[in-house]
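# Observations on chain architecture
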Amino acid sequence: MSTTYNLKMLRVNLTDRTIKTEDLDEKLAKKFLGGRGLGTKILYDEGVATVEPLSPENKLIFINGPLTGANVPTGGRYMVVTKAPLNNMIASSNSGGVWGARLKYAGYDALIVEGKAKAPVYLVIDDEHVEIKDAAELWGKTSEQTEEVLKEEYGKNASVLNIGPAGENLSLLACIINEADRAAGRTGVGAVMGSKNLKAVVCSSKRTVVEPFDKEALRESVALNLKLLKDNGVTGTGLPTYGTAVLVNIINNVGSFPTKNWQESQFATSEEISGEMLKEKFLVKQGFCHRCPIGCGRVINMNGKIVGGPEYEPLWAYGANCGLDDLEAITIANYWANEMGLDAIGAPTTIATAMELYQKGYITDKDCDGVPLKWGSAEAIIEWTKRMGLGSNPLAKLMAQGSYRLCEHYGVPELSMSVKKQDMPAYDARGIQGIGLTYATSNRGGCHVRGYMISPEILGLPQPLDRFATDDKAFWTKTFQDLTAVIDSAGLCLFTSFALGAPHYAAMINAATGTNYTPAELLEVGERIYNIERMFNKAAGMKPEDDTLPKRLLEEPIPDGPSKGEVSKLHILLPQYYELRGWEKAFPTEATLKRLDLL
């Protein structure tokens, strides 16, 4: 019978230059779905939790899901799973574009990279032909330059994944870029790739489809889901029209738009950096990932050059968080983050942190080497992004390791707006209680896309929740986290969850693979995934006290605006959450592990 699993993995050891294919156990694949879940299970079983992240012993897994490459809405996502150098915990960074689908079409559910090459190399995957090639001439090139060279060599239908200078320099904020501006962005996955002297992976295939288990059932499910996505206000109108930056004014208007490194929570000129303004001044057309009906990407004209435009997070992080409303400068800084291969959240939030350190006298003019880190400086956000990518002076090298290590260096770690050493994104948890619980309990550190509580607390989907209240927030956070683990592991985009729920995902996965998940059983798979990640972190050395928020969010009330006076009520929410999860002191109990078949 057909299935959208290939049931085959590719394992490449760069130390001894061996390339081999391995069978993927179908029962194991279905137990953890694929993507984020299966990747974590592989790393956990192979003992990666206890290795040094930038050592040859770490493994880097590029892994798709059963719906990656299938004829389903947004079926093009893949995950990069490894041990994170930013915080020594599980890393699972998601990216779109078409690269993940090409890996599936080439015949592989996963690419596992081990060891370290003696000199820079890149991989070429063209169906069953796999080769390790010399990358000496690519080393030092930006992401766009690398893609141009490799597409010239292997053709326009080849999909290129690569690191920029930041990854080569082992910046803990280094990301992995594919299709020029799609990024597996967080926790330093690009540094792991750089530590292996792996510059790029080129993927091609003669196939363009995968055959599902039940084609007719999948067709019916897809038809319904496409209608739901089209009719939904977020996926059918807001995101296509304004991109993710539709959120700028929405979040600012509720007074939870972090400003000047979270010292404030509302930005007076937010409309200048909004999705509406980006559309008016710079937009050329929508950008679409593989099989995406939404088109939230922004293709913009940047001074005559057509490039991928900024998402909501970098618009905020380079904008309000740095006290800047210069949209043109933000588009340029965002472009250089992609070119350097830097996390477009972590890099600008670190610049914002440095601006507060400069404001308070910890960083001096001498440290700044001619470009002061002043609030609202267009020159600073562009120049320091380049400097961080290149590691061009001592302060830039320090900043390239993230805001936590930067603040720790100056003896004020509390000024880092991070959880588990990863900077939080663009929602002030003092004014949105559920997202704070999501940040604190995220297995990869400060992150909104592991349980997007903004959906019910701000957008009212699937039902509105009082953003200031603590009632039911633990339940909803756990539910969103488990559902998101399913979506990430299946190979779909999180944005589909604005319109779809567990029954819709179960129907697609069952039709594609031959499983018979009920919605409740599928959510239990997501719960299993969340718990195996937590067990990885426990083995890696995580402590219960790591599930927390910065002191500023817990003790300093929002100073003004619609959320004035609010602090995070994490002390109320966390015990409720642990009880629902079946965890004690941040980790699963034996009974929970048995229930989830993890023992």
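As the structure is a computational prediction, the values presented were derived from the model and not from experiment. (Residues numbered from 1 in each chain as written. Predicted model: local features only at pLDDT ≥ 70, side-chain atom pairs only at ≥ 80, totals over all residues. Heavy atoms only, no water.)

## Some words on the overall build of the chain
- Each helix and strand in the chain was counted, giving 25 helices and 19 strands.
- The C-alpha radius of gyration computed for the chain amounts to 22 Å, which stays within 12% of the reference 25 Å derived for 599 residues, consistent with globular compactness.
- Projected onto its principal axes, the C-alpha positions of the chain cover 65 × 55 × 45 Å.
- Split into buried and exposed, the 599 residues of the chain put 65% on the buried side.
- Sequence-distant contacts in the chain: of pairs separated by 6 or more residues, those separated by 24 or more amount to 69%. (Helix = DSSP H or I, 4+ residues; strand = E, 2+ residues; numbered from the N terminus. Rg over C-alpha atoms; globule rule 2.2 N^0.38 Å. Buried < 20%, exposed > 50% of the residue type's maximum accessible area, 1.4 Å probe, protein only. Contact = heavy atoms within 4.5 Å.)

## Observations concerning the sheet that holds strand β14 (residues 297-302)
- Taken in spatial order, the three strands of this open sheet run β13-β14-β15, and their pairing is antiparallel. Edge positions in the sheet fall to β13 (283-287) and β15 (305-308), since each has one partner strand and no second. For this sheet, the mean angle separating the axes of adjacent strands, direction not counted, is 25°.
- Pairing of β14 with β15 involves four bridges; the strand directions are antiparallel. In the strand pairing of β15, I300 is matched with V307. (Pairing = 2+ DSSP bridges. Axes fitted to C-alpha atoms, helices over the stretch in contact; angles between N-to-C directions.)

## Observations concerning the pairing of strand β7 (residues 121-126)
- The element β7 is extensively covered by neighbouring structure, given that five of its six residues are classed as buried.
- Taken together, the six bridges between β7 and strand β12 (residues 198-204) define a ladder with parallel strand orientation. By the bridge assignment for β12, Y122 is matched with A200.

## Description of the pattern of salt bridges
- Tallied over the full model, the rule gives 36 salt bridges.
- One salt bridge in this structure joins K360 and E356, with 2.6 Å as the shortest N-O distance.
- The salt bridge involving R534 is made with D547; its shortest N-O contact spans 2.7 Å. Placement of the pair is R534 in helix α22 (residues 519-540) and D547 in the loop between α22 and α23 (551-555), with a sequence separation of 13 residues. (Salt bridge = Lys/Arg side-chain N within 4 Å of Asp/Glu carboxyl O.)

## Topic: the sheet that holds strand β9 (residues 159-162)
- Read across the open sheet, the six strands follow the order β8-β7-β12-β9-β10-β11; overall the sheet is mixed. Looking at which strands have only one partner, the edges of the open sheet turn out to be β8 (129-134) and β11 (182-184). Pairs of neighbouring strands in the sheet enclose a mean axial angle of 20°, with direction left out of account.
- As paired elements, β9 and strand β10 (residues 176-178) share two bridges and run antiparallel to each other. Considered in β10, the bridge of L161 is made with N178.

## Quick notes on a negative patch on the surface
- There is a patch of like negative charges on the surface, built from E271, D325, D326 and E328.
- On the secondary structure map, D326 appears in the loop between α11 (312-318) and α12 (327-340).
- D326 gets classed as partly exposed once you look at its relative accessible area, which sits at 31%. (Patch = residues over 30% accessible without salt bridge, like charges linked within 9 Å, V, L, I, M, F, W, Y side chains within 5 Å. Areas by Shrake-Rupley, 256 points an atom, 1.4 Å probe, with all protein chains shown as cover. Lys, Arg positive; Asp, Glu negative; His and termini not counted. Charge placed at Lys NZ, Arg CZ, Asp CG, Glu CD.)

## A short note on the side chain of S159
- Tracing the sequence through the fold places S159 in strand β9.
- The class for S159 is buried, based on a relative accessible area of 0%.
- Within the structure, S159 has its side chain in polar contact with the side chain of E179 (distance 2.2 Å).
- Discounting chain neighbours no more than four positions away, the residues touching S159 are V98, W99, R102, E179, V201, V202 and C203. (Polar contact = N/O pair within 3.5 Å; in protein donor to acceptor, adjacent residues only side chain to side chain.)

## What to know about the packing of aromatic side chains
- In total, this model carries 15 aromatic pairs according to the counting rule given.
- A ring pair is formed by F257 and Y312, whose centres lie 6.2 Å apart and whose planes are at 35°; its orientation type is tilted. With F257 in the loop between α9 (247-253) and α10 (275-281) and Y312 in helix α11, the pair connects residues that are 55 residues apart, well separated along the chain. Pair check on accessibility: F257 and Y312 agree, each one buried.
- Aromatic pair Y452 and F498: ring centres 6.0 Å apart, planes at 80°, arrangement edge-to-face. Of this pair, Y452 sits in the loop between α18 (433-441) and α19 (454-457) while F498 sits in the loop between α20 (473-490) and α21 (502-513), and the two are 46 residues apart along the sequence.
- Note that R387 overlies the ring of W384, its terminal NZ or CZ placed 4.5 Å from the centroid. (Phe/Tyr/Trp six-rings, centres within 6.5 Å; stacked < 30°, edge-to-face > 60°. Lys NZ or Arg CZ within 6 Å of the ring centre and 35° of its normal.)

## Thoughts on the side chain of E457
- For E457, the location among the structural elements is in helix α19.
- In this structure E457 comes out as buried when scored by relative accessible area, which is 5%.
- Of note is the side chain of E457, whose polar atom sits 3.5 Å from the backbone nitrogen of Q433.
- From its side chain, E457 meets the backbone nitrogen of I435 in a polar contact 3.1 Å long.
- If we skip the residues at most four places from it in the chain, E457 touches I432, Q433, G434, I435, L465, D466, R467 and K473.

## So, the pairing of β12
- Of all seven residues making up β12, seven are buried, and the element is well covered by its neighbours.
- Sheet topology places β9 next to β12; four bridges connect them, and they run antiparallel. Bridge pairing in β12 places N162 opposite A200.

## As for the state of the cysteines
- Within this structure, the stated rule accounts for zero disulfides.
- Unpaired in terms of disulfides, C175 finds its nearest cysteine sulfur in C289, a separation of 15 Å. (Disulfide = S-S within 2.5 Å.)

## Some thoughts on unusual backbone geometry
- Geometrically, the link from L461 to P462 is a cis peptide bond, its omega value of 0° lying close to zero.
- For T74, which is not glycine, the phi torsion reads 65° and is therefore positive.
- Position of T74 among the secondary structure elements: in the loop between β3 (60-64) and β4 (78-83).

## Side note on the nonpolar core
- Membership of the largest hydrophobic core comes to 159 residues, with the highest contact counts inside it found for L373, I381, W384 and Y427.
- Look past the residues within four positions of L373 in its chain and what remains in contact with it is I351, A354, M355, Y358, I363, C368, W384, L395 and M399.
- Formed by 31 residues, the second largest nonpolar core is a distinct cluster that contains V80, L103, I132 and C203. (Core = buried A, V, L, I, M, F, W, Y, C linked by side-chain atoms within 4.5 Å.)

## Here's the deal with the packing of α20 against α22
- Following both chains from N to C, one finds α20 and α22 inclined at 90°, their axes separated by 7 Å at the closest point. Taken together, α20 and α22 sit at an angle that is classed as roughly perpendicular. Residues K478, T479, Q481, D482, L483, A485, V486 and S489 of α20 pack against L522, L523, G526, E527, I529 and Y530 of α22.
- When the residues that make up the contact of α20 with α22 are grouped by side-chain class, the tally is seven nonpolar, four polar and three charged. (Parallel < 35°, antiparallel > 145°, perpendicular 65-115°, else oblique. Nonpolar A, V, L, I, M, F, W, Y, C, P; charged D, E, K, R; others polar.)

Everything listed here is a matter of geometry and, on its own, says nothing about what the molecule does.
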